[in-house]
Amino acid sequence: MKRVFISIGILITLFLSGCNQTAATLPPVETAKIGTMIGTVSEIIAPDQYPDAKISRFNNYVDESAALMSGKIDYAIMDYASAKNYTKNNDEVVILPDPLTDEVTAMALNKTNTELNQKINVILNRFLSDGTMDEIIAHWFPETGADYEIAAVPKNTSGPVLKVAVTSLTEPRCFVKDGELTGMNVELMDRIAAELGMQTEYQDMDFSAMIDSLQSGKSDVIAAMYETPERSEKVAFTAGYFPNPQVFVVRKDRIEEVDNAQ
């Protein structure tokens, strides 16, 4: 596990390097219009930390991003990986430097399926300790300007089905490319399923529907979810495998560059 925390520290440092902007024309966050995604940690922390702010809730980051660009919200809270992809493809927005949380993404499973839980945890913990998880992350978070590396991962085409709940609007963790689901979470789940002798079946849904899907038996595992006390009462969690804090995204035309030389 020591290797995991070293990787987490390095990733967060890389994620937040170069962010030296501060709000200028933005209103104070305490009383601003803040966007969150339904069902995520941001929906919980925003009203808790900013009780006087006006909170708007969206089904996905696409709708939240549109609201930010149109001025309907001042700040959009996103997980860092999604925010980084958003800013990479839109030079009109920027990530503010201070993360709001320190979450590490895990998988969620039905509490009653203890055998599957144990098997997935064993494989995931091995991936975390032997460098496999670092390798997977590197495929989808390459050096600046580099393309994704889509690895050839063995896939079973027969055997029991592992039903995986995902949301495809979270590039590069999960997204559609050339008509197929791909991304870091897909590579990870395909690798785990191959070792289990199972074939993956991905179920694309809104994030807010995932826990119900797991509890009803429609899904076997949620590929990516933060563990919280409230969620832990409903589902079981694996070890954390990917650092992904919540951050603020704002429009560049509403901030002022800080001159580090002053």
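One structure accompanies this document, and this report is about it. Computed from a predicted structure; not experimentally measured.

## Concerning helix α3 (residues 61-70)
For step 1, the next point in the chain: Every buried residue belonging to α3 is among Y61, E64, S65, A67 and L68, and all of these are buried. End-on view of α3: buried residues confined to an arc of 160°, all on one side of the axis.
For step 2, the next point in the chain: Where α3 is buried, its residues touch β2 (33-37), β3 (54-58), β4 (75-79), α4 (80-88), β5 (93-95) and β14 (246-251).
For step 3, the next point in the chain: One or two residues past the end of α3 sits G71, with phi positive at roughly 85°.

## What to know about unusual backbone geometry
For step 1, the next point in the chain: Note the cis peptide between E171 and P172, where omega equals 10°.
For step 2, the next point in the chain: In this fold, P172 is placed in the loop between β7 (161-166) and β8 (175-177).
For step 3, the next point in the chain: With a phi close to 55°, D178 is a non-glycine residue in the positive phi region.
For step 4, the next point in the chain: Take D178: it is sitting in the loop between β8 and β9 (180-182).
For step 5, the next point in the chain: Here D178 falls in the exposed class, since its relative accessible area comes to 74%.

## Some details on the sheet that holds β2
For step 1, the next point in the chain: Pairing is mixed across the open sheet formed by five strands, whose spatial order is β3-β2-β4-β14-β5. Taken across any chain shown, the strands that pair with only one partner, and hence form the sheet edges, are β3 and β5. With direction set aside, neighbouring strand axes in the sheet form an average angle of 30°.
For step 2, the next point in the chain: Sitting on the sheet, helix α2 (residues 41-49) is in contact with β2, β3, β4 and β14, with an inclination near 155° to β2.

## Overview of the environment of I55
For step 1, the next point in the chain: Its place among the elements puts I55 in strand β3.
For step 2, the next point in the chain: On the basis of relative accessible area, I55 is assigned to the buried category, the value being 18%.
For step 3, the next point in the chain: Between the C-alpha atom of I55 and that of T36, which follows or precedes it by 19 residues, the distance is 7.3 Å.
For step 4, the next point in the chain: When neighbours within four sequence positions are excluded, I55 is seen to be in contact with I34, T36, A46 and P47.

## Re the pattern of salt bridges
For step 1, the next point in the chain: Using the criterion set out here, one finds nine salt bridges in the structure.
For step 2, the next point in the chain: Among the salt bridges present, the one from R173 reaches D79, with a minimum N-O distance of 2.9 Å. With R173 in the loop between β7 and β8 and D79 in strand β4, the pair connects residues that are 94 residues apart, well separated along the chain. Per residue, the accessibility class of R173 equals that of D79, and both read buried.
For step 3, the next point in the chain: One salt bridge in this structure joins D253 and R251, with 2.8 Å as the shortest N-O distance.
For step 4, the next point in the chain: Of the residues examined, D253 reaches a relative accessible area of 54% and is grouped as exposed.
For step 5, the next point in the chain: What emerges from the salt-bridge pattern is a single network uniting E135, E187 and R191.

Definitions and cut-offs
- Residues numbered from 1 in each chain as written.
- Predicted model: local features only at pLDDT ≥ 70, side-chain atom pairs only at ≥ 80, totals over all residues.
- Heavy atoms only, no water.
- Buried < 20%, exposed > 50% of the residue type's maximum accessible area, 1.4 Å probe, protein only.
- Helix = DSSP H or I, 4+ residues; strand = E, 2+ residues; numbered from the N terminus.
- Arc of directions from axis to C-beta.
- Contact = heavy atoms within 4.5 Å.
- Pairing = 2+ DSSP bridges.
- Axes fitted to C-alpha atoms, helices over the stretch in contact; angles between N-to-C directions.
- Salt bridge = Lys/Arg side-chain N within 4 Å of Asp/Glu carboxyl O.

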